[in-house]
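# Observations on the three-dimensional arrangement
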Amino acid sequence: KEFDNIAISIDTYKENVARQALLYGANIVNDVSGGNDDILGVVSDFNAPVIIMHNRGNSQTMDNLAKYDNTIQDVSYWLEER
């Protein structure tokens, strides 16, 4: 492979996208759904690193919903509840 020294990550909330990306050489999956069981199963199958991302709403509403009293505590609580 020409770029073995470069890690490739993909952002997705879809299991099939994660699987295909890993099959074709991606190294890391950024789960933008915050811990989707299907994606976690795929990364487990590939023994691939996963980054569980936090979001509120969708691309049209997330800016208005990104208001926190304590960002770390609020995001941690949100992830624990998932």
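Owing to the predicted nature of the structure, the values given are computational and were not obtained by experimental measurement. (Residues numbered from 1 in each chain as written. Predicted model: local features only at pLDDT ≥ 70, side-chain atom pairs only at ≥ 80, totals over all residues. Heavy atoms only, no water.)

## So, the overall build of the protein chain
- Scanning the protein chain from N- to C-terminus turns up 4 helices and 3 strands.
- When its C-alpha atoms are laid out on the principal axes, the protein chain stretches across 45 × 25 × 20 Å.
- Within the protein chain, the proportion of its 82 residues that are buried is 22%.
- Across the protein chain, the fraction of contacts at a sequence separation of at least 24, relative to all contacts at a separation of at least 6, is 21%.
- Just so you have it, the protein chain exposes about 6,100 Å², and 48% of that area is on carbon and sulfur atoms.
- Counting 6 positive and 13 negative side-chain charges, the protein chain places the averaged centre of each group 5 Å from the other. (Helix = DSSP H or I, 4+ residues; strand = E, 2+ residues; numbered from the N terminus. Buried < 20%, exposed > 50% of the residue type's maximum accessible area, 1.4 Å probe, protein only. Contact = heavy atoms within 4.5 Å. Areas by Shrake-Rupley, 256 points an atom, 1.4 Å probe, with all protein chains shown as cover. Lys, Arg positive; Asp, Glu negative; His and termini not counted. Charge placed at Lys NZ, Arg CZ, Asp CG, Glu CD.)

## Considering the packing of helix α1 (residues 15-23) against helix α2 (residues 37-46)
- Where α1 meets α2, the axes come as close as 8 Å, and the angle between the chain directions of the two elements is 20°. In this view, α1 runs roughly parallel relative to α2, as classed from their interaxial angle. With respect to the hand of their crossing, α1 and α2 are arranged in right-handed fashion. Note on element contacts: α2 touches α1 through Asp38, Ile39, Val42, Val43, Asp45 and Phe46, opposite Glu15, Ala18, Arg19, Leu22 and Leu23.
- Residues that form the contact of α1 with α2 fall into these classes: 7 nonpolar, no polar and 4 charged. (Axes fitted to C-alpha atoms, helices over the stretch in contact; angles between N-to-C directions. Parallel < 35°, antiparallel > 145°, perpendicular 65-115°, else oblique. Left-handed = near helix turned anticlockwise from the far one by under 90°. Nonpolar A, V, L, I, M, F, W, Y, C, P; charged D, E, K, R; others polar.)

## Thoughts on a nonpolar patch on the surface
- Taken together, the side chains of Val50, Ile52 and Leu79 make up a nonpolar region of the molecular surface, amounting to roughly 190 Å² of accessible area.
- Residue classification places Ile52 among the partly exposed positions, given a relative accessible area of 40%. (Patch = residues over 30% accessible without salt bridge, like charges linked within 9 Å, V, L, I, M, F, W, Y side chains within 5 Å. Salt bridge = Lys/Arg side-chain N within 4 Å of Asp/Glu carboxyl O.)

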